[in-house]
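Residues per chain, in single letters:
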Amino acid sequence: MNSDTPVADQTDHPGEPVAVVAAGAIPWRVTKGALEVLLIHRPRYDDWSWPKGKLDAGETVPECAAREVWEEIGLQAPLGIPLPAIHYHVSAGLKVVRYWAVKVNGAQLRPDGKEVDSVMWCSPERAASFLSNPTDAEPLEYLAKAHVRGELDTWPLILIRHAKAKPRSSWTKAEGDRPLAATGQRQAVAVQRLLEVWKPQRVVTSPWARCVATIAPYAKASGAKVKLVEALTEHTHQRSPKKTAAAVEALFDKQLPIAVCTHRPALPTALKQLGQHMPQALRAQLPSTDPFLTPGEVIVCQVARGSERKIVSVEQLKPFDD
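How each quantity is defined
- The written sequence of each chain sets the order in which its residues are numbered from 1.
- Where local features are concerned, this predicted model is filtered to residues with pLDDT of at least 70; where side-chain atom pairs are given and counted, the filter is 80 or more; whole-chain, interface and lining totals use all residues.
- Each side-chain value is worked out from all heavy atoms of the structure, with water and hydrogens disregarded.
- Whenever Lys or Arg places a side-chain nitrogen within 4 Å of a carboxyl oxygen from Asp or Glu, that contact is recorded as a salt bridge.
- To qualify as a helix, a DSSP run of H or I must reach at least 4 residues; to qualify as a strand, a run of E must reach at least 2; elements of each kind are numbered from the N terminus.
- To get an axis, a line is fitted to the C-alpha atoms, and for a helix only the part in contact is used. The angle between two axes follows their N-to-C directions and goes from 0 to 180 degrees.
- Any angle between 65 and 115 degrees counts as roughly perpendicular, while under 35 counts as roughly parallel, over 145 as roughly antiparallel, and the rest as oblique.
- Handedness of a crossing is defined here by the sense of rotation of the near helix relative to the far one, left-handed for an anticlockwise turn of less than a right angle and right-handed for a clockwise turn.
- In what follows, residue pairs with any heavy atoms lying within 4.5 Å of each other are defined as contacts.
- Think of it as three bins: nonpolar holds Ala, Val, Leu, Ile, Met, Phe, Trp, Tyr, Cys and Pro, charged holds Asp, Glu, Lys and Arg, and polar takes everything else, Gly as well.
- Aromatic pairing here means that ring centres of Phe, Tyr or Trp (its six-membered ring) are within 6.5 Å. Orientation follows from the plane angle: under 30 degrees is stacked, over 60 is edge-to-face, and everything else is tilted.
- Under the scheme applied here, a residue whose accessible area is under 20% of the maximum for its type counts as buried, over 50% as exposed, and between as partly exposed, the area being computed with a 1.4 Å probe on protein chains only.
- Boundaries of every domain are those given by an automatic assignment or by a domain database.
- Summed over both partners, the accessible surface that disappears when two parts come together, traced with a 1.4 Å probe, is what is meant by buried area.

So, on to the pattern of salt bridges. Summed over the entire model, instances satisfying the criterion amount to 21 salt bridges. Note that E234 is salt-bridged to R210, the shortest N-O span being 3.0 Å. On the criterion of sequence distance, the pair formed by E234 in helix α6 (residues 234-239) and R210 in helix α5 (residues 209-222) is long-range, its members being 24 residues apart. Residues R309 and D253 are paired through a salt bridge, measuring 2.6 Å at the closest nitrogen-oxygen approach. Of this pair, R309 sits in the loop between β12 (298-304) and β13 (311-317) while D253 sits in the loop between α7 (241-249) and β11 (258-262), placing them 56 residues apart in sequence.

Structure follows, in structure tokens:
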């Protein structure tokens, strides 16, 4: 039996360790007002499913999803809303697959010919009838309902706590010049890789050295426009939290993918401001106690396009291992 082939026993086993972790996406588009999703055919298994694959060493789950979509169908596009994970048993044990929605904006798809030999655009209802693994219908159903609610077409707003800096106790110069520690420099590279999953076109950051250094690898690699905002510094936040809140609120203005980097003391104000644009169930997912985020950790909010600044999903992600 192939190691990825579902086995007959699909009963739930609470507490069972996960043997295989994978990630993927459901590509979607709207054609003449109708939602369509993209199925892939895998010759190795002779099945119809979604682009997905197992994590590479040192890779985060979102990075895996984006990479698999690129490798299998030649699509480079930012991940959209997270979809329900699915669990099923394979010969190796319990397998979990995390999915995201991915919007296809007219890009030409190129199946790799090995993992994927053909693709098919179809309605969600038709796709459900083709799926070889019944559990693959769970994220599809969620995606279709999100489309009906107007919460499928989104853009990402990403909040970052700067990477680990040199200790305050060992720094005698201006606080704004305190640099990243060696660990923080490695974390900044990991932040770069994670940001490439969502491809923010703009980065807004505190002008203090440790924040600028955190986003520098991504800005250099992507060419994203960087804006320095004094209201995101610790000092301005201490004097006037309202200015920090206003800087966070301004992130919504252009409805374009954006990332913002700030300091731990400013995080409760930033999170409170973002929370005003989401329902209570999502607000409950935001960190509520100090330190809110660990150095280099991020929160990815998906904002419904064309909405009144409505956040429809929240993910808290650490782009590196401790």
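From this point, the discussion proceeds with the structure in view.
The geometry of α7 relative to helix α8 (residues 267-275) is characterised by a closest axis approach of 9 Å and an angle of 50° between their N-to-C directions. Considering their axes alone, α7 and α8 lie oblique with respect to each other. Judged by the twist between their axes, the crossing of α7 over α8 is right-handed. Side by side, α7 and α8 meet where P241, T244, A245, V248 and E249 of the first sit next to T269, A270, Q273 and L274 of the second. Grouping the amino acids of the contact of α7 with α8 by side-chain chemistry returns five nonpolar, three polar and one charged.

Here the structure, examined in full by the defined rule, presents two aromatic pairs. For the ring pair W48 and F130, a centre distance of 6.0 Å and an interplane angle of 80° mean the geometry is edge-to-face. In this pair, W48 sits in strand β3 (residues 47-49) while F130 sits in helix α2 (residues 124-130), placing the two residues 82 residues apart along the sequence. You can call W48 buried: its relative accessible area is 19%. Residue F130 is classed as partly exposed on the basis of its relative accessible area, which comes to 28%.

When cut into domains, the protein chain gives domain 1 (20-149) and domain 2 (154-317). At the interface, 13 residues of domain 1 touch eleven residues of domain 2. Of the roughly 1000 Å² buried between domain 1 and domain 2, counting both surfaces, carbon and sulfur atoms make up 61%. Put simply, domain 1 and domain 2 have two salt bridges between them. We note a salt bridge from R193 to E63, for which the minimum N-O separation is 3.5 Å.

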